[in-house]
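# Architecture at a glance
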Protein chains: 2
Amino acid sequence: MTPSGRQGRKPRADVQRNRATLLETAQRHFLRYGVGTSLEAVAKEACVGPGTLYRHFPTREALLAAVLQTRSEELAARQAGIEQLGDPAEALERWLRAMEEYFSAYSGLPEPLMAAARAQEPDSPLTIPCDILITATDQYVRAAQHAGHVRASVRGYDLFLAACSLAWIKGNDTDEESLDRLRALIASGYRERDALA
Amino acid sequence: MTPSGRQGRKPRADVQRNRATLLETAQRHFLRYGVGTSLEAVAKEACVGPGTLYRHFPTREALLAAVLQTRSEELAARQAGIEQLGDPAEALERWLRAMEEYFSAYSGLPEPLMAAARAQEPDSPLTIPCDILITATDQYVRAAQHAGHVRASVRGYDLFLAACSLAWIKGNDTDEESLDRLRALIASGYRERDALA
DNA sequence: GTCGAAACGGATGCTGCCTCCGTATATCTT
DNA sequence: AAGATATACGGAGGCAGCATCCGTTTCGAC
């Protein structure tokens, strides 16, 4: 029998401390060097051995997912703000922008996200968060479609992919002007032509 | 004085042979494993030492550019065919599709292309080919704009980026159906709304 | 055949990944 | 307070890939 209900022993203090330090350090390194940064370097700067890092986070993706948890909460906060306004078209637009920024948090982030998004079985720790985002996007899309602002053929997944692409392009140091034109191009691609607006 | 006009010595035969074998092998490996494949493995399969590979192609990008040369010629051929038809809108559409396929030739190809595209100084062997493609795209765009089929705000570079993104998404094993919807979305983004048809 | 330039190729040093297991330590027991 | 034990630590080590350097080989010229 596993001691599932109550643990027979209080969890050790150093575990939580190390985990927190690792997450903090990893976030800094992802920010500075991208998601491909050396995990050994992260471990060293967190003053733990590589073994400890890998015990806490078995794969790079697991670490990434844990670090991303914080950002996800920020995104949720923005989501709450977005849903305040009644205009579904505006809401969709802002949501897409929020996702794009979320995806641009660290350079190289779009790749693992894409990989996780198409996996049906949650073999990656990123699959669940991705599915949540896709579902959320779909809801914004449906609302905007219902109000006649978005073409019927558009799926939430399509715009998820679009946001991912924009983040990818952004991560390649493309100038903001070109990005704005691309965003506009995509927007006028999903918007209904004879919108009531 | 350098013997620039004529070489003082006939080029060695093994040089050309090795180069050809390396290109052939590299193409196979890029095709099977993507542009990130192990260069050591390529050298080994081509029956040369790593030193030889690096002497012929100092960087991964140099090798990639050389391999891509072949594909470029195919693209040029398609371009010739495209310019036959008089419809500029159709021509642009086909050109974009051709570029997308070109970019999808090997998995991981879009990244170095993007990196090369934004470099102004040809520090990468891929910069020149990229500029050629962008210029070509711009010409197709202008022609289509002149005929009133494409919105005035669109630049060739924008659609180059779009094609690159599509290839990137494609390289992440996205299903063809979603890709088609994205292509349609982009197309209806750059097309003029009140087109003459 | 000999010579010299040119090219070869693999040994080498480096970085990063990931695992395994002897050691250290936090918590529990009495 | 001190021993017992589960739990976690950490770094050594094996592996793979990159990129270089230099002693050796090979090709072409004469």
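### Quick word on the protein's contact with DNA strand D
- If you check the shell around DNA strand D, you find 25 residues, and the closest are Arg12(A), Asn18(A), Arg55(A), Ala13(B) and Arg60(B).
- When atoms of DNA strand D within 4 Å of the protein are split into backbone and base, the sugar-phosphate part holds 59%.
- Ala13(B) is positioned with one of its backbone polar atoms (N or O) 2.9 Å from a phosphate oxygen of DNA strand D.
- Those elements that place two or more of their residues in the surface near DNA strand D are helix H1 (13-33) and helix H3 (50-56) of chain A together with helix H1 (13-33), helix H2 (39-45) and helix H3 (50-56) of chain B.
- With five residues, H3(A) is the largest single contributor of residues to the surface near DNA strand D.
- Considered class by class, the residues forming the surface near DNA strand D number seven nonpolar, eight polar and 10 charged.

### Quick notes on the protein's contact with DNA strand C
- Around DNA strand C, a shell composed of 24 residues is seen, among which Lys10(A), Arg60(A), Arg12(B), Asn18(B) and Arg55(B) lie nearest.
- Within 4 Å of the protein, the contacting atoms of DNA strand C are 59% sugar and phosphate, with bases supplying the remainder.
- Between a base oxygen of DNA strand C and a side-chain N or O atom of Arg12(A), the distance comes to 3.3 Å.
- Interatomic distance of 3.4 Å between a side-chain N/O atom of Ser38(A) and a phosphate oxygen of DNA strand C.

### Some words on helix H8 (residues 156-170) of chain A
- With 15 residues, H8(A) should reach 21 Å at 1.5 Å per residue; the first-to-last C-alpha distance of 21 Å fits that figure.
- Taken across its 15 residues, H8(A) has 14 buried, putting it largely inside the fold.

### A short note on the domain arrangement of chain A
Residue and element names in this part refer to chain A.
- Domain boundaries in chain A define domain 1 (1-58) and domain 2 (68-190).
- For domain 1 versus domain 2, the distance between C-alpha centres works out to 29 Å.
- Listed per partner, the contact involves five residues of domain 1 and six residues of domain 2.
- Both faces considered, domain 1 and domain 2 share a buried interface measuring about 460 Å² in area, 61% of it formed by carbon and sulfur atoms.

### Details of the packing of helix H7 (residues 127-146) of chain A against H8(A)
Residue and element names in this part refer to chain A.
- Between H7 and H8, whose axes approach to 8 Å, the crossing angle comes to 115°. As for how H7 packs across H8, the hand of that crossing is right-handed. Every residue of H8 that contacts H7 at Cys-130, Leu-133, Ile-134, Thr-137, Asp-138 and Val-141 is listed here: Gly-156, Tyr-157, Leu-159 and Phe-160.
- Here the residues of the contact of H7 with H8 are counted per class, giving seven nonpolar, two polar and one charged.

### Quick notes on unusual backbone geometry
- One non-glycine residue, Cys47(A), lies in positive phi territory at about 60°.
- Positionally, Cys47(A) belongs in the loop between helix H2 (39-45) and H3.

### A word on the side chain of Thr137(A)
- Tracing the backbone shows Thr137(A) in helix H7.
- In contact with Thr137(A), other than residues within four places in its own chain, are Trp95(A), Leu96(A), Met99(A), Gly156(A), Leu159(A) and Phe160(A).

### Some remarks on the interface of chain A and chain B
- With 31 residues of chain A at the contact, the number on the chain B side is 31 residues.
- For the pair chain A and chain B, the summed buried surface comes to about 2600 Å²; carbon and sulfur atoms form 61% of the total.
- Summed over the three residues of chain A that lose the most area to chain B, namely Trp168(A), Leu185(A) and Arg193(A), the buried surface amounts to 25% of that side.
- On inspection of chain A and its partner chain B, the count reaches two salt bridges.
- Ionic pairing is found between Asp158(A) and Arg181(B), a salt bridge with its closest N-O pair at 2.7 Å.

Criteria and thresholds
- Residues numbered from 1 in each chain as written.
- Chains lettered and ligands numbered in written order.
- Predicted model: local features only at pLDDT ≥ 70, side-chain atom pairs only at ≥ 80, totals over all residues.
- Heavy atoms only, no water.
- Near = heavy atom within 4 Å.
- Polar contact = N/O pair within 3.5 Å; in protein donor to acceptor, adjacent residues only side chain to side chain.
- Helix = DSSP H or I, 4+ residues; strand = E, 2+ residues; numbered from the N terminus.
- Nonpolar A, V, L, I, M, F, W, Y, C, P; charged D, E, K, R; others polar.
- Expected span 1.5 Å × (residues − 1).
- Buried < 20%, exposed > 50% of the residue type's maximum accessible area, 1.4 Å probe, protein only.
- Domains from an automatic or database assignment.
- Contact = heavy atoms within 4.5 Å.
- Buried area = accessible area lost by both parts, 1.4 Å probe.
- Axes fitted to C-alpha atoms, helices over the stretch in contact; angles between N-to-C directions.
- Left-handed = near helix turned anticlockwise from the far one by under 90°.
- Salt bridge = Lys/Arg side-chain N within 4 Å of Asp/Glu carboxyl O.

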